Amino acid sequence: DTAVSQTPKYLVTQMGNDKSIKCEQNLGHDTMYWYKQDSKKFLKIMFSYNNKELIINETVPNRFSPKSPDKAHLNLHINSLELGDSAVYFCASNSGGWNEQFFGPGTRLTVL
Amino acid sequence: AQTVTQSQPEMSVQEAETVTLSCTYDTSESDYYLFWYKQPPSRQMILVIRQEAYKQQNATENRFSVNFQKAAKSFSLKISDSQLGDAAMYFCAYRVDGATNKLIFGTGTLLAVQP
């Protein structure tokens, strides 16, 4: 039943490590997004893919690399994790046009 | 660049009362969408209501309604008959052009509902 799912929901890791967050949507949407919510709850777009093609890359450090193996999946890989990467990362999707974006449950990343 | 401003970091309302959350935005576009999202402690982002800029009529969803003033670039959310379950962080968001559909969020308003 889950429309947009993310794994894991919680991720605790050490500085310098490499980690991945996975996102899957079963809504048949063409467009998927990654947003970052910082410790002050501010939400900001990071990336967007439309049908496996990158369409938004919002001045994110190149340690962050999104990958979309197919239009139902959008993963986020982060290299050399830093303390400032600690945040909640949300995946979202929509069917294009002016339609609603559906959000996943978020992944809380804590870098120690 | 488009920006969204929520000037009330925190608000409080008594159960069954009405509360209004403020949002202003800046854009040079004429066609856009505006949204209010609710984020309860579970952190799930839930769409509350949306407004198409070309529609003059204010959107309404049950106890939730908006006051959309396009010329003033204002988009406030009114919650009537507040319930304990309305306690959450509320985000105003602006939808950029149709090519990317990215959302630009305000900084949020934390709403407390007092029994």
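Above this text you will find the structure in question.
Residues numbered from 1 in each chain as written. Chains lettered and ligands numbered in written order. Predicted model: local features only at pLDDT ≥ 70, side-chain atom pairs only at ≥ 80, totals over all residues. Heavy atoms only, no water.

*Asks:* Break down the interface of chain B and chain A for me, citing the residues and quoting the values.
*Replies:* Taken together, the contact pairs 24 residues of chain B with 27 residues of chain A. Interface of chain B and chain A: buried area, both sides summed, is about 2,100 Å²; carbon and sulfur atoms make up 54% of it. Three residues, Arg43, Lys102 and Phe105 of chain B, lead the burial of chain B against chain A; their summed loss comes to 30% of the area buried on that side. Applying the counting rule to chain B against chain A returns one salt bridge. (Contact = heavy atoms within 4.5 Å. Buried area = accessible area lost by both parts, 1.4 Å probe. Salt bridge = Lys/Arg side-chain N within 4 Å of Asp/Glu carboxyl O.)

*Asks:* An account of the pattern of salt bridges is needed here, citing residue identities and associated values.
*Replies:* Applying the stated rule across the entire model yields seven salt bridges over all chains. Salt-bridge contacts for Glu58 of chain A lead to Lys102 of chain B; the nearest nitrogen and oxygen are separated by 2.6 Å. Placement of Glu58 of chain A in the loop between strand E6 (53–57) and strand E7 (64–70) and of Lys102 of chain B in the loop between strand E10 (88–95) and strand E11 (103–105) is noted, with the two residues assigned to different chains. Residue class for Glu58 of chain A comes out partly exposed when judged on its relative accessible area of 22%. Counted as one network, the salt bridges with shared partners bring together Arg63, Glu82 and Asp85 of chain A. (Helix = DSSP H or I, 4+ residues; strand = E, 2+ residues; numbered from the N terminus. Buried < 20%, exposed > 50% of the residue type's maximum accessible area, 1.4 Å probe, protein only.)

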